[in-house]
Amino acid sequence: MIRRSEKKIPVKGAPEPKPAKQKCSVCEKIRPIAKKSRKICSSCIKAEKREKQRAIITQEKLDQITSRLVRALYPSVCPHCRIPLDSSNSNCGHFVSRTKQPTRFSLKNLVAIDRNCNFYRPEHAYTLGKVLNEVWGKDTADDQIALGNRKVKFNNHDRSRIYDIYKAALAKAEGLTQEEKYNLLKETQALYEEIVNPLIF
């Protein structure tokens, strides 16, 4: 006859009983409570964490909205190779390298450009400088080079404010003439500078 051994208890002791099901204070469903102090189920805790993550504006998120705004407000023609631009081939070109934080999100440093020109034709930087001087005024390119050599430190609150400004401008961009787009570009830059200029050192 086969002897069955008694059920072994782990060294740390018997497993903890599963949490009793109660009414979740958020979703009001009867579920196991994961956080007893607030009477919240695990599903609602995960949902709260996802909401907090969405509220964080990372550098990548700000890059994306900045790129969309620049491509929406500049002419749909590459200033370097003169081919038409659309969503499949357009890029947000940085005159001063995007590694330079003081100019990374500045609209005075950015122009819509063909992807191939942006990645494979380094001479496009000269063209970007000329466009910036035409749109923003003489010496803009030189000013951006000087600004890029300074420093700035953004926190999540700063990035969130810039993100909201750019998102609002993007919502206004559709259906505008090119002149109106340039005016919107300059209005948005002015709001951006109100946030960023005090942070630059």
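Residues numbered from 1 in each chain as written. Predicted model: local features only at pLDDT ≥ 70, side-chain atom pairs only at ≥ 80, totals over all residues. Heavy atoms only, no water.

Regarding its fold elements, the chain presents 8 helices and 5 strands. Computed over C-alpha atoms, the radius of gyration of the chain comes to 27 Å, more than 25% over the 17 Å expected from 2.2 N^0.38 for 201 residues, which places it beyond the range of a compact globule. Projected onto the principal axes, the alpha-carbon positions of the chain cover approximately 95 × 40 × 40 Å. Sorting the 201 residues of the chain into buried and exposed places 37% on the buried side. Counted over contacts in the chain with a minimum sequence separation of 6, partners at least 24 positions apart contribute 62%. About 13,600 Å² of surface is accessible on the chain, with carbon and sulfur atoms providing 51% of the total. Here the chain contributes 40 positively and 22 negatively charged side chains, and the mean placements of these two sets differ by 15 Å. (Helix = DSSP H or I, 4+ residues; strand = E, 2+ residues; numbered from the N terminus. Rg over C-alpha atoms; globule rule 2.2 N^0.38 Å. Buried < 20%, exposed > 50% of the residue type's maximum accessible area, 1.4 Å probe, protein only. Contact = heavy atoms within 4.5 Å. Areas by Shrake-Rupley, 256 points an atom, 1.4 Å probe, with all protein chains shown as cover. Lys, Arg positive; Asp, Glu negative; His and termini not counted. Charge placed at Lys NZ, Arg CZ, Asp CG, Glu CD.)

All right, on to the nonpolar core then. Grouped together as the largest cluster of nonpolar side chains are 41 residues, with contacts concentrated most on Tyr74, Leu107, Ile162, Tyr166 and Val196. Among the secondary structure elements, those contributing two or more residues to this core are helix H2 (59–73), strand E5 (110–114), helix H5 (124–136), helix H6 (140–148), helix H7 (156–172) and helix H8 (178–196). The leading source of residues in this core is H7, at 6 residues. Those residues in contact with Leu107, other than ones at most four positions away along the chain, are Leu69, Val70, Tyr74, Leu132, Trp136, Tyr166, Leu185, Thr188 and Gln189. Listed in part, the 5 residues of the second largest apolar core include Cys24, Cys41, Cys44 and Ile45. (Core = buried A, V, L, I, M, F, W, Y, C linked by side-chain atoms within 4.5 Å.)

So, about the pairing of strand E2 (residues 30–35). For a regular strand, the rule is simple: side chains alternate between the two faces of the sheet. Here strand E1 (residues 21–23) runs beside E2; their pairing, made up of 3 bridges, is antiparallel. Within E2, the residue paired with Gln22 across the bridge is Arg31. A loop of 6 residues connects E1 with E2, the two strands running antiparallel in sequence, and Glu28 in this loop sits at a positive phi of about 60 degrees. As paired strands, E2 and strand E3 (residues 40–41) are joined by 2 bridges and run antiparallel to one another. Residue pairing in the sheet places Ile33 in a bridge with Cys41 of E3. Here E2 hands over to E3 after 4 residues, with Lys39 in that stretch at a positive phi of 55 degrees. (Pairing = 2+ DSSP bridges.)

Attention now goes to the pattern of salt bridges. Counted by the stated rule, this structure contains 4 salt bridges. Residue Lys108 pairs with Glu193 through a salt bridge whose shortest N-O separation is 3.3 Å. On the criterion of sequence distance, the pair formed by Lys108 in the loop between helix H3 (101–104) and E5 and Glu193 in helix H8 is long-range, its members being 85 residues apart. Judged by relative accessible area, Lys108 falls into the partly exposed class, the value being 24%. (Salt bridge = Lys/Arg side-chain N within 4 Å of Asp/Glu carboxyl O.)

The next subject is the packing of aromatic side chains. As enumerated under the stated definition, the model contains 4 aromatic pairs in all. Note on Tyr166 and Tyr192: the rings are 6.1 Å apart at their centroids and 25 degrees apart in plane angle, and the pair reads as stacked. Of this pair, Tyr166 sits in helix H7 while Tyr192 sits in helix H8; the two residues are 26 residues apart in sequence, bridging distant segments of the chain. Tyr192 sits in the buried class, given a relative accessible area of 2%. (Phe/Tyr/Trp six-rings, centres within 6.5 Å; stacked < 30°, edge-to-face > 60°.)

Time to look at H6. When we look at burial in H6, the residues that qualify are Thr140, Ala141, Gln144, Leu147 and Gly148. Burial along H6 is one-sided: seen end-on, the buried residues are contained in an arc of 120 degrees. As for H6, its buried residues are in contact with H3 and H5. (Arc of directions from axis to C-beta.)

Bringing unusual backbone geometry into the picture now. One non-glycine residue, Lys39, lies in positive phi territory at about 55 degrees. Mapped onto the fold, Lys39 is located in the loop between E2 and E3.

Turning our eyes to something else, we now look at the sheet that holds E1. Read from one edge of the open sheet, 3 strands run E1-E2-E3, paired in antiparallel fashion. On the outer flanks of this sheet lie E1 and E3, each paired with one strand and no other.

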